[in-house]
Amino acid sequence: MTTLITGATGHLGSLIIEHARRLAPTGEVLGSARDPRKAEHAGVEVRPGDFAGDLSSTFAGVDRLVLVSADGPNRLDLHRAAVRAAVDAGVRHVLYTSVTDADTSPLSLAADHAATERLIRASGLAFTFLRNGMYHENYLTPGPVVTAAGDGRIASASRDDLALAAAVAATTDGHEGVAYELTGPRAWSFDELAALRGTTHTKVTAEERAAGLKGFGLPDFLAELLTDIEVNIGRGALSEVRPDLEKLIGRAPTTIEDAARAAA
């Protein structure tokens with residue numbers, strides 16, 4: 001059973017490969033990247049694979065495809081090309097890294113994920129949706145805590161735990177037709193996060209937050225997307241704790257407290 005994991009040079013894709021190569025027989029795990037030379041440390045064969053290019057040789061002979069979500073404003077177009085190429089190459093099962101409650105979420109981020117899930121369902125391929133929550137690591141960068149989330153709470157999870165869950169689902173049977181909702185073990189507030197980091201949480205409006213992010217040099221689309229996530233955290237969109245991550249990885253997920261200590 002050959003499994004290929006896209007995004008081999010990315011933060012999530014590289015971790016999925018790291019876990020999968022320990023779980024699967026030698027030679028059964030492959031990776032792909034736009035520039036395979038940057039993934040020489042991966043410990044597996046990494047094929048060239050650009051979603052905007054020809055993927056026929058990238059996906060040739062692949063049984064299971066872990067489709068790590070692309071970034072950028074043309075994400076859906078890239079996913080459409082990858083799904084089409086997977087069908088043409090005879091891939092049997094696609095595991096897609098989606099987002100929490102993709103089909104019902106109010107987050108603007110969820111629109112492309114929900115559309116990608118629909119594309120995969122319509123393709124006729126067996127599927128598994130790995131609906132990842134936000135990463136702990138997104139909130140542990142140095143500096144003051146400033147958000148438009150108000151008193152909202154978020155059940156984030158560690159990137160490594162989410163990568164392990166993807167690796168387990170990709171290297172074991174019985175996950176077809178399932179949408180896993182993957183969250184951390186508890187929902188925390190940004191006031192609590194600030195206390196963990198020895199700082200304070202400054203609550204700002206959505207307009208102020210978007211302007212601040214753009215002032216740091218973020219592209220407009222990314223500043224608006226991140227602000228939208230925080231606003232919806234304030235409305236409770238990412239606060240529900242689900243059991244799926246613990247079931248997949250076989251242990252309690254990493255807490256925000258442990259992640260903060262590790263990042264200190």
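Scroll up to find the structure this text is about.
Bear in mind that the values here come from a model prediction, so they are computed numbers and not experimental data.

Asker: Run through the pairing of strand β5 (residues 93–99), naming residues and quoting values.
Answerer: Most of β5 sits out of view: 7 of its 7 residues are buried. Of the pairings in the sheet, the one linking strand β4 (residues 64–67) to β5 comprises 4 bridges and is parallel in character. The partner of L67 across the bridge, within β5, is Y96. After leaving β4, the chain enters helix α2 (residues 75–89) and then returns to the sheet as β5, a path that is right-handed. Direction of pairing for β5 relative to strand β6 (residues 126–132): parallel, over a ladder of 7 bridges. In the sheet register, S98 faces β6, and the bridge partner there is R131.

Asker: Can you break down helix α1 (residues 11–23) residue by residue, with the values?
Answerer: If you check α1, its first and last C-alpha atoms are 19 Å apart, about what 13 residues at 1.5 Å a residue would give, namely 18 Å. Inspection of α1 places L12, G13, L15, I16, I17, H19 and A20 among the buried residues, and these make up the whole buried set. Of the surrounding elements, those touching the buried residues of α1 are β1 (3–5), β2 (29–33), β4, β5, β6 and α4 (159–171).

Asker: Break down the sheet that holds strand β9 (residues 178–182) for me, with residues and values.
Answerer: Across the sheet, 7 strands lie side by side as β3-β2-β1-β4-β5-β6-β9; this open sheet has parallel pairing. If you trace the sheet from one side to the other, it starts and ends with β3 (45–48) and β9, each paired once. Each strand axis lies, on average, 20° off the axis of its neighbour in the sheet, ignoring direction. In terms of strand pairing, β6 meets β9 through 5 bridges, oriented parallel. Residue pairing in the sheet places L130 in a bridge with Y180 of β9.

Asker: Could you give me a rundown of the packing of aromatic side chains, with the residues and numbers involved?
Answerer: This model, assessed by the stated rule, comprises 4 aromatic pairs. Centroid distance Y139 to W188: 5.6 Å. Interplanar angle 75°. Geometry classified as edge-to-face. Pair noted here: Y139 is in the loop between β6 and β7 (145–147) and W188 is in strand β10 (residues 188–189), with a separation of 49 residues, a long-range link. As far as burial versus exposure is concerned, Y139 and W188 are alike and both buried. Residues Y139 and F190 carry aromatic rings whose centres are separated by 5.5 Å and whose planes lie at 75° to one another, so their mutual orientation is edge-to-face. Of the two residues, Y139 sits in the loop between β6 and β7 while F190 sits in helix α5 (residues 190–196), which places them 51 residues apart along the sequence.

Asker: Give me empty space enclosed by the protein: which residues, what numbers.
Answerer: Gaps left between atoms show up when a probe the size of a water molecule is rolled over them. The full count for this structure, using the stated rule, is 1 cavity of 30 Å³ or more. T100, G133, M134, I154, A155, T183 and L238 are the residues that line the largest cavity. For the lining of the largest cavity, the per-class residue count stands at 4 nonpolar, 3 polar and no charged.

Asker: Go over the packing of α2 against helix α3 (residues 110–123), please, and point to the residues and values.
Answerer: What describes two packed helices is the angle between their axes and the distance between those same axes. Two elements in contact, α2 and α3, have axes separated by 10 Å at closest approach and are oriented at 15°. Looking at the two axes, α2 sits roughly parallel to α3. Like other packed secondary-structure pairs, α2 and α3 cross with a definite hand, here right-handed. Touching R75, L76, H79, R80, V83 and V87 of α2 are D112, H113, A115, T116, L119, I120 and S123, all from α3. Grouping the amino acids of the contact of α2 with α3 by side-chain chemistry returns 6 nonpolar, 4 polar and 3 charged.

About the criteria used
Residues numbered from 1 in each chain as written. Predicted model: local features only at pLDDT ≥ 70, side-chain atom pairs only at ≥ 80, totals over all residues. Heavy atoms only, no water. Buried < 20%, exposed > 50% of the residue type's maximum accessible area, 1.4 Å probe, protein only. Helix = DSSP H or I, 4+ residues; strand = E, 2+ residues; numbered from the N terminus. Pairing = 2+ DSSP bridges. Right-handed = clockwise from strand over helix to strand, strands pointing away. Expected span 1.5 Å × (residues − 1). Contact = heavy atoms within 4.5 Å. Axes fitted to C-alpha atoms, helices over the stretch in contact; angles between N-to-C directions. Phe/Tyr/Trp six-rings, centres within 6.5 Å; stacked < 30°, edge-to-face > 60°. 1 Å grid on protein atoms, 1.4 Å probe; cavity = no way out; pocket = protein on both sides within 12 Å on 5 of 7 lines; lining within 4 Å. Points joined across faces, edges and corners; volume = space filled by probe spheres on them. Nonpolar A, V, L, I, M, F, W, Y, C, P; charged D, E, K, R; others polar. Parallel < 35°, antiparallel > 145°, perpendicular 65-115°, else oblique. Left-handed = near helix turned anticlockwise from the far one by under 90°.

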